[in-house]
Amino acid sequence: MPTTLVIGATGTVGSTLVPDLLARGHTVRRATRQAREPGDVALDLLSGAGLDAALAGVDRVFLMAPPGHTGQDRFLVPVIDAAARHGVGKLVLMTAMGVDADPTSPLSLSEAHLRRSGVPAAIVRPNWFMQNFHTFWMGSIAATGEVQLPVGEAKASFIDARDIAAVAAVLLDRPQDEPEAFDLTGPEALDHATAAQLISAATSKTIGFRDITPEAMRGALLQAGLPADYAEFLLFILGFLKAGYAERTTPHVAALLGRPARDFASYARDYAEAWRG
C-alpha cells in the first residue's frame, strides 16, 4: 500500500483525512511544523524547510496552503516541483470553489502549475466549511450569541470538512490523473440565519445571525490578530458569498463517496457540545 504524505495533517481536513487513509491501509506520514509523534515529519511550508526529507520515499501527497496567508502559490508551487523531482505518483491539491473564475489568483496559478508538472493529480475545490461555525465564527457566538458576518441573506452550500477528507481519501487511493477538478459542496444551500437556527435546535441554545458591515468585520479581524492582508482577503471572498457565488450545489461528494453529503443539521448535532461549552 502507498506511503502518503498529508500536509496540513493537524488541520480541520487533515486531522480527519489521516484516519481515513489509515483505514484504507496507507502508511501515513503527517507533515507538521514540529514532529512530535511517530509518523510525523517536520515541514515548514513558509520557509520550505524539511520539504525534501518529507517527500523522500513518498508515493502520494495531500497538499493544501497554510491558513492565514495570502499569495498561496508561493508555498504550493515549491511542493509541486519537489513532488515532481521525487517521482510522486499522485498529488491531491485542495484549493477553493470559485478560484477558477480568476486565472491570475494564487490558488488558480497553483492549479495550473500542478497540471503542467507531470505529476498525476486531482484537485478538490470545497465550498465554505460547516466547521467554520464552531471555529472561526465561534468568537462572536461566544461573546454575543450571534454569528456576525457581512453576508446578508445570501446562501451557501456549506460542506462538512469530514466529507472533504473522505473525498480526498478516495482520490488518493486511485493512481490515475483526474482531468476534472471537483467542486465540493453540501447537499443544500442555506443562509446564515437558517444555519444559526439549526445550531440552536441542536444545542437548545438561542444562537442568532446579525448582518454587519465589512468595516465592522475588518475591525473584528484585526482585533483578533489577523494580518491586514489576510483580513482583506477574507472580506473579499465574503463579498463573493454575499453576491451569491457560493449558493450552487454539485453532485461530486455523493458520486465519489456513494452516499449523500452530510447536511447542516447533522453537522450541528455532531458538534453540539462545541457551542454548549
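For the structure, see preceding data.
Here's a quick rundown of the structure. Counting starts from 1 at the beginning of each chain's written sequence and moves along it residue by residue. Restriction of local features to residues with pLDDT of at least 70 applies here, the model being predicted, together with a cutoff of 80 or more for giving and counting side-chain atom pairs; totals for whole chains, interfaces and linings are based on all residues. Only hydrogens and water are set aside when side-chain values are computed; all heavy atoms of the structure are taken into account.

Structural notes on the overall build of the protein
Going by this rule: Every helix listed is a DSSP run of H or I at least four residues long, and every strand listed is a run of E at least two residues long, numbered separately from the N terminus. For a compact globule the rule gives 2.2 Å times the number of residues to the power 0.38, and the radius of gyration it is set against comes from C-alpha atoms. When accessible area is computed with a 1.4 Å probe and restricted to protein chains, residues below 20% of their type maximum are described as buried, those above 50% as exposed, and intermediate ones as partly exposed. The accessible surface values rely on the Shrake-Rupley method and a 1.4 Å probe; as for residues, cover is taken only from the protein chains in view. We treat Lys and Arg as the positive residues and Asp and Glu as the negative residues; His and chain ends play no part in the count. Note on charges: their place is set at NZ of Lys, CZ of Arg, CG of Asp or CD of Glu.
From N to C terminus, the protein includes twelve helices and eleven strands. Over its C-alpha atoms the protein spans a radius of gyration of 19 Å, differing by no more than 12% from the 19 Å that the globule rule assigns to 277 residues. In terms of overall dimensions, the protein has a C-alpha envelope of 50 × 40 × 35 Å along the principal axes. Buried residues in the protein amount to 50% of all 277 residues. For the protein, the exposed surface amounts to about 12200 Å²; the carbon and sulfur share of it is 54%. In the protein, the 24 positive side-chain charges and the 30 negative ones have mean positions that sit 3 Å from each other.

Quick look at empty space enclosed by the protein
Our working definition: Computed over the protein atoms alone on a 1 Å grid, cavities are sets of points where a 1.4 Å probe fits but cannot get out and pockets are open sets with protein on both sides within 12 Å along at least five of seven lines; a residue lines them when it has an atom within 4 Å of a point. Grid points are joined across faces, edges and corners, and a volume is the space filled by probe spheres set on the points. Basically, the charged four are Asp, Glu, Lys and Arg, the nonpolar ten are Ala, Val, Leu, Ile, Met, Phe, Trp, Tyr, Cys and Pro, and anything else, Gly included, counts as polar.
The tally for this structure, following the rule as stated, stands at one cavity of 30 Å³ or more. Of the pockets and cavities examined, the largest cavity occupies roughly 30 Å³. Lining of the largest cavity is provided by Trp 128, Phe 129, Asn 132, Phe 133, Trp 137, Leu 149, Phe 158, His 192, Leu 238 and Leu 241. Partitioned by chemical class, the residues of the lining of the largest cavity number eight nonpolar, two polar and no charged.

Some words on the sheet that holds strand E6 (residues 121-126)
Just so we agree on the cut-off: In short, DSSP must find at least two bridges between two strands for them to pair. All axes are obtained by fitting lines to C-alpha atoms, using only the stretch in contact for helices, and the reported angles, taken between N-to-C directions, cover 0 to 180 degrees. Two residues form a contact once any of their heavy atoms are found within 4.5 Å.
The sheet built from seven strands is open, its strands ordered E3-E2-E1-E4-E5-E6-E9 with parallel pairing. With one partner strand each, in any of the chains shown, strand E3 (40-42) and strand E9 (182-184) form the two edges of the open sheet. Looking at each pair of strands side by side, their axes are set apart by 20° on average, direction ignored. Together, strand E1 (3-7), strand E4 (60-64) and strand E5 (90-94) form the strand contacts of helix H3 (residues 73-85), whose direction differs from that of E4 by roughly 170°.

As for the nonpolar core
As a reminder, the rule being used: Among buried residues, those of type Ala, Val, Leu, Ile, Met, Phe, Trp, Tyr and Cys that are joined through side-chain atoms within 4.5 Å constitute a nonpolar core.
Counting 32 residues, the largest nonpolar core has Phe 133, Phe 158, Met 217, Phe 264 and Trp 275 as its most contacted members. Those elements that place two or more of their residues in this core are helix H5 (138-144), strand E7 (146-149), helix H7 (192-203), helix H8 (214-223), helix H9 (228-242) and helix H11 (264-270). For Phe 158, the residues in contact, after removing those within four places along its chain, are Trp 128, Phe 129, Met 130, Phe 133, Thr 185, Gly 186, Glu 188, Leu 190, His 192 and Phe 264. In terms of nonpolar packing, the next biggest core, distinct from the first, is built from 29 residues, Ile 7, Val 58, Val 61 and Val 99 among them.

Considering a nonpolar patch on the surface
To be explicit about the condition: Patches in this entry comprise residues that are over 30% relatively accessible and not in a salt bridge; like charges within 9 Å are linked, as are nonpolar side chains (Val, Leu, Ile, Met, Phe, Trp, Tyr) within 5 Å. What counts as a salt bridge is simple: a side-chain nitrogen of Lys or Arg found within 4 Å of a carboxyl oxygen of Asp or Glu.
Together, Phe 236, Phe 240 and Tyr 245 give the surface a local cluster of nonpolar side chains, amounting to about 370 Å² of exposed area. Within the element layout of this structure, Phe 236 appears in helix H9. For Phe 236, a relative accessible area of 53% gives the class exposed.

Structural notes on the environment of Leu 222
Here Leu 222 lies in helix H8. A relative accessible area of 42% means that Leu 222 is categorised as partly exposed. Between the C-alpha atom of Leu 222 and that of Thr 3, which follows or precedes it by 219 residues, the distance is 40 Å. Those residues within four positions of Leu 222 in sequence are excluded, and the remaining contacts are Ala 228 and Ala 231.

Side note on the side chain of Asp 160
Counted only if it meets this: Any pair of N or O atoms that falls within 3.5 Å is considered a polar contact. Within protein, one atom must be able to donate a hydrogen and the other to accept it, and sequence-neighbouring residues count only if both atoms are side-chain atoms.
Here Asp 160 shows up in the loop between strand E8 (155-156) and helix H6 (161-173). For Asp 160, a relative accessible area of 0% puts it in the buried group. Of note is the side chain of Asp 160, whose polar atom sits 2.8 Å from the side chain of Gln 131. Residues contacting Asp 160, with those up to four places away along its chain left out, are Met 130, Gln 131, Arg 262 and Tyr 267.

Focus on the pattern of salt bridges
Across all of its chains, the model carries 18 salt bridges by this definition. Where Asp 183 meets Arg 125, a salt bridge forms, and the shortest distance between an N and an O atom there is 3.6 Å. Of this pair, Asp 183 sits in strand E9 while Arg 125 sits in strand E6; the two residues are 58 residues apart in sequence, bridging distant segments of the chain. The same class applies to Asp 183 as to Arg 125, namely buried. One salt bridge in this structure joins Asp 163 and Arg 259, with 2.8 Å as the shortest N-O distance. Of this pair, Asp 163 sits in helix H6 while Arg 259 sits in the loop between helix H10 (252-257) and H11, placing them 96 residues apart in sequence. Arg 259 sits in the partly exposed class, given a relative accessible area of 29%. Bridged by salt links that share partners, the residues Asp 100, Glu 111, Arg 125, Asp 183 and Arg 248 form one connected network.

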